[in-house]
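Residue-level structural notes
Listed here are the chains, written in short residue letters.
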Amino acid sequence: MSKRVSLTQYLVEQQREHGHIPGQLRLLIEVVARACKRISISVNKGALGDVLGSAETENVQGEMQKKLDIIANEVLIEANEWGGHLAAMASEEMEGIYVVPNRFPQGEYMLLFDPLDGSSNIDVNVSIGTIFSVLKRDDSSRPVSEADFLQPGRQQAAAGYCVYGPQTTLVLTVGDGVAMFTLDREQGSWVLTQDGIQIPEDTQEFAANMSNLRHWAPPMRRYIDECLAGTEGARGKDFNMRWIASMVADVHRILTRGGVFIYPWDKREPQKAGKLRLMYEANPMGFLVEQAGGAATNGQQRILDIQPDTLHQRVSVMIGSKNEVDRLTRYHHEAAQSSQL
Ligand code: P6P
């Protein structure tokens, strides 16, 4: 059996060889990974633990919270607040930022997360996951505030997710490629199972919620119609479709075998840019996918270049195999130009 490389060894060797994982960042990543182990234990209990079903509360997004949403959020807060590596945290499940309490030292990093993405799948035993993003404070001379979080995604120090599926898998980037770790439940340790992940630039597989077809803008309709036309159509090839309704699971498939994931703006709520959130869904996934040779745009611009206005702002998401995302973005640019003529 080839020598097993643990998460800690991977991070130490990355620091030794590339020098971009300072001690506080390594500690942060290891603490988040440990928290994901704890979350996976709760997720795996299912009906045997008091973890399924609704918590009968709403989150800041006005969405009903599942019990596991709250459990995962609390696990991440409790695991990260005492270590001295963070100044504050932000979560899909909390309206404002969570400043590290005065009884603990503050660090230079800020952690953002969707503690349990895809939670509508919890009660039906379909893969769900935790998504996280790490930013660094620009100015530690004054108290940390929400404004410190409003940095474009290209400034992330690290990003990753943990998918709770048939395997529990942690996928991580610190800006030097993408590595995948599988949880060895017998040892309780993360084992490096893939490094230098690369997404094929072309694909014949798209992920979109087709029930929204009639609500999409023309360039999105154009792209999907061409995929559905198959070999007789403009693309000259057939496409397959997948939709798990869990971004972590869909993006994990794309990192594993290619594809494109699309959750675009639609006219149901035209004032909203999209359904997914920029800071703790699109930005971390965009960082990972770009690091694996893919692309991520909102139809108009690179997601990682978007200057955030608010913590929970939403964004249209087109992410995955580079040539497909480039084509989708081109269609949106052509539509914008023709509407201006
Ligand atoms: P729909 C899960 O709630 C989520 O935020 C993403 O993980 C997922 O891709 C999307 O929403 C699913 O949305 O409208 O298809 O249920």
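Everything quoted here is computed from the prediction, not taken from an experiment.

Moving on, we come to the domain arrangement of the protein. We note that the domain assignment places domain 1 (7–195) and domain 2 (205–340) within the protein. Distance between the C-alpha centres of domain 1 and domain 2: 24 Å. Interface area for domain 1 against domain 2, summed over the two sides, is near 2900 Å², with a carbon-plus-sulfur share of 62%. Of all residues in domain 1, the largest losses of buried area upon contact with domain 2 belong to I131, L150 and Y161, amounting jointly to 19% of the total for that side. Residue R154 is joined to D305 by a salt bridge in which the shortest nitrogen-to-oxygen separation is 3.0 Å.

Another point: the side chain of H85. One can find H85 in the loop between α3 (67–80) and β3 (86–91). Once residues within four sequence positions are removed from consideration, H85 is found in contact with Q24, L27, L28, V31, N80, G107, E108 and Y109.

What follows concerns the packing of helix α5 (residues 218–229) against helix α8 (residues 322–340). Where α5 contacts α8, the two axes come as close as 8 Å, and the packing angle between them is 135 degrees. In this view, α5 runs oblique relative to α8, as classed from their interaxial angle. Of the two possible hands of crossing, α5 and α8 adopt the one that is right-handed. Across the interface between the two elements, P219, M220, R222, Y223 and E226 of α5 pack against E324, R327, L328, Y331, H332, E334 and A335 of α8.

We now examine the sheet that holds strand β17 (residues 317–320). In any sheet, the strands associate via hydrogen bonds between backbone groups, in a parallel or an antiparallel arrangement. Taken in spatial order, the five strands make up an open sheet running β12-β11-β13-β17-β15, and their pairing is mixed. Since the sheet does not close on itself, it has two edges, and those belong to β12 (240–241) and β15 (295–297), each with one partner. Pairing between strand β13 (residues 260–263) and β17: four bridges, direction antiparallel. Considered in β17, the bridge of Y263 is made with V317.

Definitions and limits used
Residues numbered from 1 in each chain as written. Predicted model: local features only at pLDDT ≥ 70, side-chain atom pairs only at ≥ 80, totals over all residues. Heavy atoms only, no water. Domains from an automatic or database assignment. Buried area = accessible area lost by both parts, 1.4 Å probe. Salt bridge = Lys/Arg side-chain N within 4 Å of Asp/Glu carboxyl O. Helix = DSSP H or I, 4+ residues; strand = E, 2+ residues; numbered from the N terminus. Contact = heavy atoms within 4.5 Å. Axes fitted to C-alpha atoms, helices over the stretch in contact; angles between N-to-C directions. Parallel < 35°, antiparallel > 145°, perpendicular 65-115°, else oblique. Left-handed = near helix turned anticlockwise from the far one by under 90°. Pairing = 2+ DSSP bridges.

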